[in-house]
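Listed below, chain by chain, are the residues.
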Amino acid sequence: MRILLVEDDPMVGAAVQRGLRQEGHAVDWVQDGVAAGLALADHPFELVLLDLGLPRRDGLSLLGEIRAGGNTVPVLILTARDAVSDRIAGLDAGADDYLVKPFDLDELAARVRALGRRQRGQADPVVAHGRLVLDPAAHAVALDGEPVRLSAREFALLQALLEQGGKPLSRSQLEDRLYGWGEEVESNAIEVHIHALRRKLGSGWIRNLRGVGWFVPEDA
Ligand code: CA
């Protein structure tokens, strides 16, 4: 998932970015409310992790503007404020979920997965496509019941394609899902990952639509 992390505490921000990248997410990190507003205006994010106490602009004010503008991106509040009234204010301003600091990174990762499922209208946490089963929580893929070992990027790419329900994703859409700002992306990076996936799974699972992108065929 392409995630915007808005957090001014350098230790918390670095830990969250590192932890979620290890889960295969592309995480862009900004440290104040104004930068967050600019980032949201410019990029299609799939999730926002939002601290409330921020320099230059408060998280609640930013959240109000996001929702007033009709942006339905899921927002999870990360806050040190443990007062119930702050959490209520956040949820009422349009947040989807919250975590009170200090929180456990595994719990954050699980809430991120849950919000992603809800956003896609997906009930089952496991993504099954015929003989292929992908389990986001366990980071496991099985083909005919046999485990397939994938790198974090290969896993994220396969998950993105499977969640599309047969619709293609372009190179730039896939790069957006897999890489955050400042991460070096080789021009053929997506092809390299697709090649590896085809080698490990068999060539029929991922097809190319010339000039459009890649997709997992319904009958694969
Ligand atoms: Ca803060």
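Residues numbered from 1 in each chain as written. Predicted model: local features only at pLDDT ≥ 70, side-chain atom pairs only at ≥ 80, totals over all residues. Heavy atoms only, no water.

A.B. asks: How should the overall build of the protein be read in this particular structure?
C.D. replies: Within the protein one finds 8 helices and 11 strands. Computed over its C-alpha atoms, the radius of gyration of the protein comes to 18 Å, within 12% of the 17 Å expected for a compact globule of 220 residues. Each principal axis of the C-alpha atoms in the protein carries an extent, and together these give about 50 × 35 × 30 Å. Residue burial in the protein is summarised as follows: out of 220 residues, 45% are buried. (Helix = DSSP H or I, 4+ residues; strand = E, 2+ residues; numbered from the N terminus. Rg over C-alpha atoms; globule rule 2.2 N^0.38 Å. Buried < 20%, exposed > 50% of the residue type's maximum accessible area, 1.4 Å probe, protein only.)

A.B. asks: Help me out: how do you make sense of the coordination of the calcium ion in this one?
C.D. replies: For a metal with four tetrahedral donors the ideal donor-metal-donor angle is 109.5 degrees, whereas six octahedral donors ideally subtend 90 or 180 degrees. Only D8 (OD), D51 (OD) and G53 (O) from the protein coordinate the calcium ion, and they sit 2.1 to 2.3 Å from it. Positions of the donor residues of the calcium ion along the chain correspond to the pattern D-x42-D-x1-G. Taken together, the positions of D8 in the loop between β1 (2–6) and α1 (10–22) and G53 in the loop between β3 (47–51) and α3 (59–68) put the pair 45 residues apart, joining distant regions of the chain. (Donors = N, O, S within 2.8 Å, 3.2 Å for Na, K, Ca; no water.)

A.B. asks: Can you walk me through the pattern of salt bridges in this structure?
C.D. replies: Pairing is possible between side chains of opposite charge, provided their charged atoms come close. Taken as a whole and assessed by the stated rule, the structure comprises 17 salt bridges. One continuous salt-bridge network, built from bridges that share partners, spans R2, D28 and D176. (Salt bridge = Lys/Arg side-chain N within 4 Å of Asp/Glu carboxyl O.)

A.B. asks: Help me out: how do you make sense of α3 in this one?
C.D. replies: Since the α-helix packs 3.6 residues into each turn, any two residues three or four apart lie on the same face. Listed as buried for α3 are G59, L62, L63 and I66. What you see down the axis of α3 is that its buried residues fit within an arc of 100°, all on one side. In the core, the buried residues of α3 are packed alongside α2 (33–42), β3, β4 (75–79) and α4 (84–92). Of the residues flanking the start of α3, the one acting as N-cap is D58, its side-chain oxygen 3.0 Å from the backbone nitrogen of L60. In the stretch just after α3, G70 is the one whose phi turns positive, near 85°. (Arc of directions from axis to C-beta. Contact = heavy atoms within 4.5 Å. Polar contact = N/O pair within 3.5 Å; in protein donor to acceptor, adjacent residues only side chain to side chain.)

A.B. asks: What's the story with unusual backbone geometry in this structure? I'm lost.
C.D. replies: Most of the time, phi is negative for any residue but glycine, and the peptide bond is trans. Cis geometry marks the peptide bond from K101 to P102; its omega dihedral reads -5°. If you trace the backbone, P102 turns up in the loop between β5 (97–100) and α5 (105–120). In this structure, R56 is a non-glycine residue whose phi angle is positive, near 70°. Residue position: R56 is located in the loop between β3 and α3. We note that D144 has phi near 55°; this positive angle belongs to a residue other than glycine.

A.B. asks: Teacher, can you tell me more about the pairing of β3 here?
C.D. replies: In terms of burial, β3 is largely enclosed, as 5 of its 5 residues are buried. Alternating positions in β3 separate into two faces, L47, L49 and D51 on one and V48 and L50 on the other, with burial throughout. Relative to β3, β1 runs parallel, the two being bridged by 4 bridges. Bridging across to β3, L4 finds its partner in V48. Of the pairings in the sheet, the one linking β3 to β4 comprises 4 bridges and is parallel in character. Directly across from L50, in β4, lies its bridge partner I77. (Pairing = 2+ DSSP bridges.)

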